[in-house]
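# Coordinates in review
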Amino acid sequence: MNPEYLKDLKNCHLCPWDCRVNRLEGERGVCRVGLPEVAYTGLTQVLKTFAVTLLGCSFKCIYCNAYRLSQYPDSGWIYRGYVEPDDLAWEALEAFETPFARKIGAKKLSFTGGEPSIHTPYLEETVNILRQDIPDLEVGLATNGFCTPNTMKRLEKLSTYINFEIKAFDSKLHHAITGASSQPVLENARWLALNHPEKIRVFRTVVIPGINDLEIPKIASFLKDIDPTLPYRLVGFRPHFLLYYHPGPSRNLMHNLVKECKNLGLEKVDYSGYTPGGTLMVGSSFKNELKNTYQLLNQAGCYRRPRSCGQCPENKHCPAIVLEPWTNLPP
Ligand code: SF4
Ligand code: SF4
């Protein structure tokens, strides 16, 4: 299998890890994936889309709610695999024709994961094929924003709207939470917001008490300085992966953070989700975000500090891929 549209994967530098591996010949970079592989597809009633969930990610986020597919293939789970773009496009067309799709008005395509940007040529090929039949097809993308400026431009071109996640502002903390720098993410966010604000459905951050609470006002200020009308959504953390025993945010914490962001001048801020009886972190506990994060990483088997998965000699067999998070007891 070596189709022309996948030529970028022969010397992959789609993201800032810049691995330069030949993903078509069995070499693996930080994301560990070769061919673009699909976990599953489905019609989603809420988003009215045919959603394609892709495998693999450029990050190893400590709170990933989809770690079995984001850390594929190391997670050991078996998913659907490579699907020819022609077949995927045909599947989407058929799905749009079903009575259920007609009933819910589903006629969009969306890509999620894992991290879709590590499969950009596959996204482009599928969208191009589908737009031959549906020229005005809307395409949604959910991304962690960690890609090269060139990849970001390609993603902007193929998308109608983008959900862009910023996990932390401070790069040290971003390294700890994700294994990577926040710099490329912030640069891409700025470029997109300045040049294609109409493509931004929302910027979002998962709020993790004691891990990234303090980052929320920093991200809000960063967005406000670009454009005070940019939409920003805070999402309440739910326990997953290395943070399996970590508490979620209380409703008050989410309310207070939204208020703080608005007080900073960002106009369109809201939140979804909180933990009933969850944490309202105050005072000194805020100061320990890095320490808290590294304690959890040590607990899971990652002793690298600073944590940077691209430079880590163990990134081909990361010990922090915890298959049963409930065995990873709190520090
Ligand atoms: S981590 Fe980035 S540069 Fe490396 S192989 Fe994956 S997509 Fe390519
Ligand atoms: S051990 Fe290495 S690859 Fe694994 S999470 Fe830590 S820095 Fe990343």
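Look a little higher up for the structure.
Quick look at the structure, then. (Residues numbered from 1 in each chain as written. Chains lettered and ligands numbered in written order. Predicted model: local features only at pLDDT ≥ 70, side-chain atom pairs only at ≥ 80, totals over all residues. Heavy atoms only, no water.)

### Brief notes about the site of ligand 1
Quick note on the threshold: Neighbouring residues are identified by heavy atoms, a residue being near a molecule or strand if any of them is within 4 Å of it. Amino acid classes used here: Ala, Val, Leu, Ile, Met, Phe, Trp, Tyr, Cys and Pro are nonpolar; Asp, Glu, Lys and Arg are charged; the rest, including Gly, are polar.
The immediate surroundings of ligand 1 are formed by 13 residues, with Cys-12, Cys-15, Cys-19, Cys-31 and Ile-118 found nearest. By residue class, the composition of the shell around ligand 1 is nine nonpolar, two polar and two charged.

### Looking at the pairing of strand 4 (residues 138-143)
Just so we agree on the cut-off: One requirement defines pairing of two strands: DSSP has to find at least two bridges between them. Helix and strand assignments come from DSSP, with helices taken as H or I runs of at least 4 residues and strands as E runs of at least 2, each series counted from the N terminus. With the strands pointing away from the viewer, any crossover whose connection runs clockwise from the first strand over the helix to the second is right-handed.
Where strand 3 (residues 108-112) lies against strand 4, four bridges are found, and the strand directions are parallel. Within strand 4, the position partnered with Leu-109 by the bridge is Val-139. Between strand 3 and its parallel partner strand 4, the chain crosses via helix 4 (residues 120-133), and the hand of that crossover is right-handed. Of the pairings in the sheet, the one linking strand 4 to strand 5 (residues 161-165) comprises four bridges and is parallel in character.

### Description of a nonpolar patch on the surface
Keep this limit in mind: Only residues whose relative accessible area exceeds 30% and that form no salt bridge enter a patch; like-charged residues are grouped when within 9 Å of one another, and nonpolar side chains (Val, Leu, Ile, Met, Phe, Trp, Tyr) when within 5 Å. Per-residue and other accessible areas follow the Shrake-Rupley method at a 1.4 Å probe size, with only the shown protein chains counted as cover for residues. Definition used for salt bridges: Asp or Glu carboxyl oxygen within 4 Å of a side-chain nitrogen of Lys or Arg.
Residues Tyr-244, Tyr-245, Trp-326 and Leu-329 make up a contiguous nonpolar surface patch of roughly 410 Å² in combined accessible area. Note on placement: Tyr-244 falls in the loop between strand 7 (231-236) and helix 9 (251-263).

### Some thoughts on the pattern of salt bridges
For the record, the criterion: Type-normalised accessible area, obtained with a 1.4 Å probe on protein chains alone, sets the label of each residue: buried when under 20%, exposed when over 50%, and partly exposed for intermediate values.
Tallied over the full model, the rule gives 13 salt bridges. With its nearest N and O atoms 3.5 Å apart, the salt bridge here joins Lys-167 to Glu-165. Glu-165 matches Lys-167 in its accessibility class, with the two residues each being buried. The salt bridge involving Arg-233 is made with Asp-270; its shortest N-O contact spans 3.3 Å. Highlighted residues: Arg-233 in strand 7 and Asp-270 in strand 8 (residues 268-272), separated in sequence by 37 residues. With a relative accessible area of 32%, Arg-233 lands in the partly exposed category. In the salt-bridge network here, residues are joined through shared partners; they are Asp-8, Glu-124 and Arg-154.

### Some points on the side chain of Asn-22
Selection criterion: Throughout, a residue-residue contact means that at least one pair of heavy atoms, one from each residue, lies within 4.5 Å.
One can find Asn-22 in the segment before strand 1 (38-44). Asn-22 has contacts with Leu-9, Lys-10 and Glu-27, leaving out every residue within four places of it along the chain.

### Some remarks on the packing of helix 2 (residues 85-96) against helix 4
The test is simple: Only C-alpha atoms enter the line fits that serve as axes; for helices the fit covers just the stretch in contact. Angles between N-to-C directions range over 0 to 180 degrees. For this classification, under 35 degrees means roughly parallel, over 145 means roughly antiparallel, 65 to 115 means roughly perpendicular, and everything else is oblique. Crossings are assigned a handedness: left-handed for a near helix turned anticlockwise from the far helix by less than a right angle, right-handed for a clockwise turn.
One way to put it is that helix 2 packs onto helix 4 with a least axis distance of 9 Å and a crossing angle of 50°. As judged from the angle between their axes, helix 2 and helix 4 are oblique. Note on packing geometry: the crossing formed by helix 2 with helix 4 is right-handed. Residues Pro-85, Asp-86, Leu-88, Ala-89, Ala-92 and Leu-93 of helix 2 touch helix 4, and the partners they reach there are Tyr-122, Glu-125, Thr-126, Ile-129, Leu-130 and Asp-133.

### Re the site of ligand 2
Every residue near ligand 2 is listed here: Lys-60, Cys-302, Arg-304, Arg-307, Cys-309, Cys-312, Asn-315, Cys-318 and Pro-319. For the shell around ligand 2, a count of residues per class yields five nonpolar, one polar and three charged.

### Observations concerning the packing of aromatic side chains
Under the convention used in this document: Stacked, edge-to-face and tilted are the three classes for Phe, Tyr and Trp ring pairs, Trp counted by its six-membered ring, which pair at centre distances within 6.5 Å; planes under 30 degrees apart are stacked, over 60 edge-to-face, the rest tilted. Each ring is checked for a lysine NZ or an arginine CZ that lies within 6 Å of its centre and within 35 degrees of its normal; such an atom marks a charge sitting over the ring.
According to the stated counting rule, one finds nine aromatic pairs in the structure shown. Centroid distance Phe-50 to Phe-96: 6.4 Å. Interplanar angle 75°. Geometry classified as edge-to-face. Note that Phe-50 is positioned in strand 2 (residues 49-54) and Phe-96 in helix 2, a separation of 46 residues in sequence. Residue classification places Phe-96 among the buried positions, given a relative accessible area of 8%. Each member of the aromatic cluster is reached from another via a ring pair, and the members are Trp-17, Phe-59 and Phe-146. A cation over a ring is seen here: Arg-201 above Tyr-161, with NZ or CZ 3.8 Å from the ring centre.

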